[in-house]
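Geometric and topological summary
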Amino acid sequence: MIAAVYYGPNDLRVEQVPVPEIADDEVLVKMKAASICGTDLRILHGDHRKYPLGTVRIPGHEIVGTIAKMGNKVRGIKEDQLYFIAPNIGCGHCRQCVSGNNNLCSNFEALGITLDGGFAEYVRVPSAAILQGNLIPVSTNVNAASAALIEPFACVLRSHDLLNVHPGDTVLVMGAGPIGILHIKLAKLSGASCVIVSELNEGRLEQALQMGADFGVNPLNEDLASVVDEKTGMNGADVVIVAAPAHIAQESALQLAAVRGRVCYFGGLPKEKPTIGFNSNLLHYKELQIYGTTGSSTENCWRAAQIINSGRMEISSLVSLHFPLAHAVKAFQKAEDRDALKVVLEP
Ligand SMILES: [Zn+2]
Ligand SMILES: [Zn+2]
């Protein structure tokens, strides 16, 4: 089969590799779509802690496919079904796994992160993943490329579980990449009456407005705080989501939030400079609630799939480009330039 294999920083090679062998209790999935994530770009640049120097591995953790082969001890999996594969496999018995937060397991494995992933014609799904419910059915009205976005959407859903967007809320989303757009769409679905988006890239700002944001602000040309004041009658945003890895965005979020507002730091900061400065009195006197979330649990993926399968949230417009797996290197280059939202590899 062909696969896109990581050999080291900025060294991704499309090559022939053996089809993975499976055990009696495993399945082999034929990849139908695998989307490129910001995490994959970090991996390619040699910036991922699970890809230390010397790692040779197939990335790809946003995977959709059908069953090519099934071990004779596997139960409950249908041969003619399209599946999304939740990437995280917890140890299953630690406190985080038992509470359903397998994305926080300290001994986790994940497809495309610690195990060979989806940028290949076939993917081996280990027994633990099958038993933990990682194979999630995709309904026939959803195409494979859109279903690959269940993973990033699950990460977004995880933070909304804490943020509790109420009908009538004003939501500010900072950053209009694919993640920012998913936040905008979910906020609207939850009943937000006004969604403001801030983004430095004009093309992305325009896209965000087309995809449901009510107001767009480019902080290079306009004062974000004045716009938020104007749109909220000087109250501030009920919910502020920082979906951009920027210090200034994280710092200003506390000012832009309303009294009793909820703030989520969705993205991490570069590891060389992870600290910010903020006025702690804002937190105290405004009774702010600040949350962080990272990745998604398998439970988050199941609920994200339910929303996508229901057709209640349109997601296919986030897929900007499709590339055959053989052109994975080119696809990564396209994902790198900020014009495309999601770039999807297909066999
Ligand atoms: Zn991802
Ligand atoms: Zn665990």
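Computed from a prediction, not measured in an experiment: that's the story for all the values here. (Residues numbered from 1 in each chain as written. Chains lettered and ligands numbered in written order. Predicted model: local features only at pLDDT ≥ 70, side-chain atom pairs only at ≥ 80, totals over all residues. Heavy atoms only, no water.)

With that settled, consider the environment of Gly 60. Residue placement: Gly 60 occurs in the loop between helix H1 (38–44) and strand E4 (63–70). Sequence separation of Gly 60 and Phe 119 is 59 residues, and the distance between their C-alpha atoms is 5.2 Å. Ignoring sequence-local partners within four residues, the contact set of Gly 60 consists of Asp 40, Leu 111, Gly 112, Gly 117, Gly 118 and Phe 119. (Helix = DSSP H or I, 4+ residues; strand = E, 2+ residues; numbered from the N terminus. Contact = heavy atoms within 4.5 Å.)

Looking at the zinc ion (ligand 1), one finds its protein donor set to be Cys 37 (SG), His 61 (NE2), Glu 62 (OE) and Glu 151 (OE), positioned 2.1 to 2.5 Å from the metal centre. Geometry at the zinc ion (ligand 1) is irregular, judged from its 4 donor atoms and the angles of 81 to 158° they form at the metal. Mapped onto the polypeptide sequence, the residues donating to the zinc ion (ligand 1) form the spacing pattern C-x23-H-E-x88-E. Here Glu 62, found in the loop between H1 and E4, pairs with Glu 151, found in helix H5 (residues 150–163); they are 89 residues apart in sequence, far enough to count as distant. Of the two residues, Glu 62 and Glu 151, both sit in the buried class. (Donors = N, O, S within 2.8 Å, 3.2 Å for Na, K, Ca; no water. Tetrahedral: all angles 85-135°; square planar, octahedral: opposite > 155°, others 65-115°. Buried < 20%, exposed > 50% of the residue type's maximum accessible area, 1.4 Å probe, protein only.)

On the secondary structure map, Ala 120 appears in the loop between strand E7 (109–110) and strand E8 (122–125). Given the relative accessible area of 0%, Ala 120 is considered buried. As a C-alpha pair, Ala 120 and Val 17 span 103 residues in sequence and 9.0 Å in three-dimensional space. Ignoring sequence-local partners within four residues, the contact set of Ala 120 consists of Met 1, Ile 2, Ala 3, Met 31, Ile 58 and Leu 325.

With that settled, consider the sheet that holds strand E10 (residues 170–174). Strands sit in the order E12-E11-E10-E13-E14-E15 across an open sheet of 6 strands; the sheet is parallel. Looking at which strands have only one partner, the edges of the open sheet turn out to be strand E12 (215–217) and strand E15 (289–292). On average, adjacent strands in this sheet sit at an angle of 15° to one another, irrespective of strand direction. Pairing of strand E13 (residues 237–242) with strand E14 (residues 257–265), which is carried by 5 bridges, proceeds in the parallel orientation. Residue pairing for E14: Val 242 is matched across the bridge by Tyr 265. On the sheet, helix H9 (residues 247–256) packs against E10, E13, E14 and E15 and is oriented at approximately 155° with respect to E14. (Pairing = 2+ DSSP bridges. Axes fitted to C-alpha atoms, helices over the stretch in contact; angles between N-to-C directions.)

As a further point, take the domain arrangement of the protein. Per the domain assignment, the segments of the protein are domain 1 (2–149 + 315–346) and domain 2 (153–292). Each of domain 1 and domain 2 has a C-alpha centre, and these two points are 29 Å apart. In this assembly, 13 residues from domain 1 lie in contact with 14 residues from domain 2. Summed over both sides, the interface between domain 1 and domain 2 buries roughly 1,100 Å², with carbon and sulfur atoms accounting for 47% of that surface. Contact with domain 2 buries surface across domain 1, with Leu 318, Arg 338 and Leu 341 losing the most and accounting together for 52% of the total. The interface formed by domain 1 and domain 2 holds 3 residue pairs in polar contact (both at pLDDT 80 or more) in total. Across the side of domain 1 that touches domain 2, the residue classes tally to 6 nonpolar, 3 polar and 4 charged. (Domains from an automatic or database assignment. Buried area = accessible area lost by both parts, 1.4 Å probe. Polar contact = N/O pair within 3.5 Å; in protein donor to acceptor, adjacent residues only side chain to side chain. Nonpolar A, V, L, I, M, F, W, Y, C, P; charged D, E, K, R; others polar.)

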